[in-house]
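Coordinate inspection notes
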Amino acid sequence: MVTHIIGAGLAGCEVAYFLAKKGYKVKLYDIKPEKFTEGHKSPNFGELLCSNSLRGDTLTNAVGLLKAEMRLLNSLVMQCAEKTKIPAGGALAVDRHKFEDCITEIIQSFENIEVVCKEVKNPEELDGIKVIAAGPLATQGLTKWIAEKTGKENLFFFDAIAPIVDAETIDYTRAFFASRYGKGEGKDYLNCPMEREEYLRFYRELVNAETVKLRDFEKDKKLFEGCLPVEEIAKRGEDALRFGPLKPVGLPHPETGKEFYAVVQLRREDKEGRFYNMVGFQTHLTYPEQKRVFRLIPGLENARFERFGRMHRNTYINSPQILDEFFRMKEDENIFFAGQITGVEGYVESAASGLMVGFYIHSLLKHGRIIQFPENTALRGLSSHISTYSHNFQPTNITFSLIPDLKERVRNKKERRLKIAERSLSELKEFVSKIDF
Ligand SMILES: Cc1cc2nc3c(=O)[nH]c(=O)nc-3n(C[C@H](O)[C@H](O)[C@H](O)COP(=O)(O)OP(=O)(O)OC[C@H]3O[C@@H](n4cnc5c(N)ncnc54)[C@H](O)[C@@H]3O)c2cc1C
């Protein structure tokens, strides 16, 4: 039986590599090199669309842990990154051309991978197992089919993400817990109150801050309706934010009853309350500017950002509605999704999901059932993210908020993260040694 993989990007190549190594036949489809999406340019596979960085490479960093897990599982992307890496401090950066050449050569070296240059518009025309790994710029023909199959309301074309702050770095002498009008649980919302002068200073810096340069295909204003970047709202006038995300009404200080000029709200991001999401702060500001400007908010002066905000063109599905924890369609067990289109975000996360899907299909074909990765790994964190219900599902990078915390209390953050990483890698090693990986 042949497994059909649609898209020879980072995720699709990982699936193909994993299955081909195990001896399965694979057909790998891509519109390249005959046609290109609006973002792709290289005729090669595994194209890096923008930056040449695969981000941090230390175990105290969630993406560093994810990479370590992928290396343990012989990831194709990690092998090629290793061979083509260039100096980049604590990050893993690659020579993009050599990297793409490496991926392409390895994929083409397998006799059991047939590469087909074709736009797949209807995956159901292909027999057997299919993997849709067509990425954030999947062609219109295919997205039309996805919308018909899953419901238009479950397909998104734009991604607006607010920053996440490490709860331990918030100043609780300024910030206070309270829900608007006293609704909701005690620690669901954290509020950073502003006096008039503080608000005006923040407002002035925000409207003048440096933003990311958009690509031509991202300038479509229609995409921004209903989900404006915080700096765009601010540009509408000095008070626009006070009538929008920084509305102070219903949020007096719980102890003093004092009312404020403006309030920034942060919503709890994980069960344990280790991280808080800045409500309404989707933004085009560059990462250094986010750090500088958002640290002007009272209570966030020393904030560490676990994830920065961003907005970009991104096709993705409402995975918790559509997929099970194995990236497989609930309604059609022959169809898997992999990569950025599932709501994982980033090169490494996309490749990781491809590696996982390769393994899931292998375990299904070999054992007749799908085996899941150990609970405390970063890989499993990605699988939980795409399959856990959320009223507002958003793509995400891997963060420690997706990996269960330690049972014991370790105060030093670096030490705690290292212990989480050690736990994950040891669980994964044991997993690999016990099953036919
Ligand atoms: C403009 C842009 C810039 C980005 N920059 C970064 C960055 O700097 N760092 C980062 O970590 N992440 C970035 N991302 C996010 C993401 O990590 C990358 O998009 C990543 O390449 C996703 O991997 P993928 O395998 O899911 O999709 P892709 O790597 O995009 O692969 C999908 C493949 O499917 C093919 N395809 C599409 N439709 C069809 C079809 N119907 N039939 C056949 N083939 C098809 C495409 O040609 C492509 O080769 C960016 C995303 C975008 C949109």
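Residues numbered from 1 in each chain as written. Predicted model: local features only at pLDDT ≥ 70, side-chain atom pairs only at ≥ 80, totals over all residues. Heavy atoms only, no water.

1. What to know about the pattern of salt bridges
On inspection of all chains with the given rule, the structure shows 32 salt bridges. Here K413 ties to D166 by a salt bridge, and the two come within 2.6 Å at their closest N and O atoms. Taken as a pair, K413 in helix 12 (residues 413–434) and D166 in strand 9 (residues 164–166) lie far apart in primary sequence, 247 residues in all. Put simply, E168, D270, E272, R274, D405 and R416 are held in one network by salt bridges that share partners. (Salt bridge = Lys/Arg side-chain N within 4 Å of Asp/Glu carboxyl O. Helix = DSSP H or I, 4+ residues; strand = E, 2+ residues; numbered from the N terminus.)

2. Quick word on the state of the cysteines
Taken as a whole and judged by the stated rule, the model has one disulfide. Disulfide pairing places C80 opposite C102 at an S-S distance of 2.3 Å. Across the S-S bond linking C80 and C102, the dihedral sits near -75°, which makes this disulfide left-handed. Here C102 lies in helix 4 (residues 96–109) and C80 lies in helix 3 (residues 76–83), a separation of 22 residues in the sequence. The same class applies to C80 and to C102, which are both buried. Unpaired in terms of disulfides, C13 finds its nearest cysteine sulfur in C80, a separation of 9.1 Å. Residue C50 stays outside any disulfide, its sulfur separated by 19 Å from that of C13, the closest cysteine. (Disulfide = S-S within 2.5 Å. Buried < 20%, exposed > 50% of the residue type's maximum accessible area, 1.4 Å probe, protein only.)

3. What to know about the sheet that holds strand 9
If you walk across this open sheet you meet the six strands as 10-11-12-13-9-14, and the pairing is antiparallel. Two strands close off the open sheet at either side, each with one partner strand: strand 10 (176–177) and strand 14 (305–307). As paired strands, strand 12 (residues 262–268) and strand 13 (residues 275–278) are joined by three bridges and run antiparallel to one another. Residue pairing for strand 13: L266 is matched across the bridge by M278. (Pairing = 2+ DSSP bridges.)

4. Regarding the confidence of the model for the protein chain
Mean pLDDT for the protein chain: 93, with 97% of residues reaching 70 or above. Long-range and interchain partners of residues 221–225, a stretch whose pLDDT sits below 50, account for nine contacts in this model, where long-range means more than four residues apart. (pLDDT = per-residue confidence, 0-100. Contact = heavy atoms within 4.5 Å.)

5. With respect to the nonpolar core
L54, I107 and F373 are the most contacted members of the largest nonpolar core, which totals 96 residues. With ten residues, helix 10 (residues 347–367) is the single largest residue contributor to this core. When near neighbours in sequence (up to four residues on either side) are disregarded, I107 contacts C13, A16, Y17, L28, F45, L76, I113 and V115. Counting 35 residues, the second-largest nonpolar core is a separate cluster that includes L190, A209, L266 and F305. (Core = buried A, V, L, I, M, F, W, Y, C linked by side-chain atoms within 4.5 Å.)

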